[in-house]
Amino acid sequence: MKNLLTKNLGIKLIALVLGFLIWLFIINFTNPTITKKFEDIPVQIVNESVISSANQVYTVKSGDKVDVVVKGKRNIVESLNSGDFEAIADLSKLSTVNTAGIEVKVKDERNKNLEIDWNNEVLSIKLEKKVTQQFKVKVITEGELAENYILGPITVNPSMIEVSGAKSQIKKIDAVGAVVQLDGQNKDFEKEPTAILYDADGEVLDGEGVSLDKDSVDVKVNVLPTKTIPVKVLTRGTVASGYSLTKTDFKPESIQVSGDKNALSGINEITIPVDVDGARRSVEKEVDLESLLPSSATLADDFTTVSIKCNIVKKGIRKFKVSTSDITVKNLPNNLAISYDDEDESHNVVVVGEESKIKDLTLSSLKATIDLKGMSVGSHKANVNLTLPNGVKLRRPISVKITLEETEIQSVD
């Protein structure tokens, strides 16, 4: 047996070495050493308390991701993905220029023999003083309620939110808002919107580098029915002698009010009295609408007052003499003839009104007429009708006495 093991020993050793070399060649040929690059591996930052304990905050300038080149056997390297690597930056080892080295390793210990190169990348940060500020929460509504409903009181809890972060970031914040969507609601409702940061231009901030003590708020919204009611103005008293109230203007002529249904059912109009007794000039006033409503109702539109003007002008008097030749006859039947009992008599016409309206009146513009519609043969008293501008009146009506007779029919030979 011993001779068999030692016989041709040199040849056997050569064969052994040759076999190993062949095996090694085969292994390296079928599973060679390769390199592969893995990009954008996120860097985990540890020991952040070192910064916060100094009442500071940081923002990353660079190095929050790192590229890694791995060298190793193909069967191992090709089985890897970005999640197999762990990149860590330790802020407790921060340098005087605010950088911290990045360490990268493979999570699986079985692959620890791989060669890993990340070019000695570092995490670079910016340090700032940490500040905290309180902001009142502003509720912002978007959309519409159901028709004939408006928003009532809105309550928000908490009403203030504390925001902490870098001083430069806090300075950008102008307000904290909570957006509530309106979608045809007709009764009270609650929402829990997310708190949103806004700058002075009303633009939404991304909130990077800041933290809020509350991420959302509770909002309770009251929804109230509305009703449109007319406004009426009533004048009281009599203007001074020689003056007249020509018209009363007021705006608005209707208002929208809100309240519970029982309160609204008892409100049908708003009546405003205006005293013009003895007035010699126009009366103007502003009336607060809220003071005219019951406590159970409130205004629901932009008007808060009613503007009233009672136009009062000094009366003017014009006198005219109208003769029968100035009167136009209307609707005289074809078979009748008209004659005036007082053919040569003139009638006094006195008109009263605003001076600016009567100063240009003429006898022809008065257009005196009598209407004979429905009258038959005989004596009649006919009212004289005059065309007068608005606001101008006759002091007393006038009439004429007429006689209607049948006309003689002439025969033709």
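You'll find the structure just up there.
The structure presented is a predicted model; accordingly, all values stated were derived computationally and were not measured.

The rules behind the values
Residues numbered from 1 in each chain as written. Predicted model: local features only at pLDDT ≥ 70, side-chain atom pairs only at ≥ 80, totals over all residues. Heavy atoms only, no water. Salt bridge = Lys/Arg side-chain N within 4 Å of Asp/Glu carboxyl O. Helix = DSSP H or I, 4+ residues; strand = E, 2+ residues; numbered from the N terminus. Buried < 20%, exposed > 50% of the residue type's maximum accessible area, 1.4 Å probe, protein only. Pairing = 2+ DSSP bridges. Lys, Arg positive; Asp, Glu negative; His and termini not counted. Contact = heavy atoms within 4.5 Å. Patch = residues over 30% accessible without salt bridge, like charges linked within 9 Å, V, L, I, M, F, W, Y side chains within 5 Å. Areas by Shrake-Rupley, 256 points an atom, 1.4 Å probe, with all protein chains shown as cover. Charge placed at Lys NZ, Arg CZ, Asp CG, Glu CD. Axes fitted to C-alpha atoms, helices over the stretch in contact; angles between N-to-C directions.

1. Considerations on the pattern of salt bridges
- Counted according to the given criterion, the structure contains 6 salt bridges.
- In this structure, Glu-269 engages Lys-232 in a salt bridge whose closest nitrogen and oxygen atoms are separated by 3.0 Å. Placement of the pair is Glu-269 in the loop between helix 6 (261–265) and strand 17 (270–275) and Lys-232 in strand 14 (residues 218–236), with a sequence separation of 37 residues.
- The residue Lys-247 makes a salt bridge to Asp-249 at a minimum N-O spacing of 3.9 Å.
- What makes Lys-247 partly exposed here is its relative accessible area of 48%.

2. Some thoughts on the environment of Asn-113
- Within the element layout of this structure, Asn-113 appears in the loop between strand 5 (99–106) and strand 6 (115–117).
- Taking the C-alpha atoms as reference points, Asn-113 and Lys-73, separated by 40 residues in sequence, lie 9.9 Å from one another.

3. So, the environment of Thr-96
- Its place among the elements puts Thr-96 in the loop between strand 4 (85–90) and strand 5.
- Here the alpha-carbon distance between Thr-96 and Val-219, two residues 123 residues apart in the chain, equals 48 Å.

4. Here we look at the pairing of strand 5
- Of the strand pairs in this sheet, strand 4 and strand 5 are connected by 5 bridges, and their pairing is antiparallel. Residue pairing for strand 5: Ala-87 is matched across the bridge by Val-104.
- Bridge count for strand 5 against strand 7 (residues 122–144) is 3 bridges, and the pairing is antiparallel. Paired with Thr-99 across the bridge in strand 7 is Ser-124.

5. So, the side chain of Asp-342
- Within the fold, Asp-342 resides in the loop between strand 22 (336–340) and strand 23 (347–354).
- Look at Asp-342: it is buried, it has no salt bridge, and the nearest opposite charge is Lys-401 at 7.3 Å.
- Contacts of Asp-342, omitting those with residues within four sequence positions, involve Thr-324, His-347 and Lys-401.

6. A word on a negative patch on the surface
- Together, Asp-40, Asp-64, Asp-67 and Glu-121 line one region of the surface with negative charge.
- Mapping Asp-64 onto the fold places it in the loop between strand 2 (56–62) and strand 3 (65–73).

7. So, the sheet that holds strand 22
- Taken in spatial order, the 3 strands make up an open sheet running 22-27-25, and their pairing is antiparallel. In the strand order of this sheet, the two ends are held by strand 22 and strand 25 (378–383), each with one partner. Sheet twist, expressed as the mean angle between neighbouring strand axes with direction ignored, is 35 degrees.
- In the sheet, strand 22 pairs with strand 27 (residues 399–406) via 5 bridges, with the strands oriented antiparallel. The partner of Ile-338 across the bridge, within strand 27, is Leu-404.

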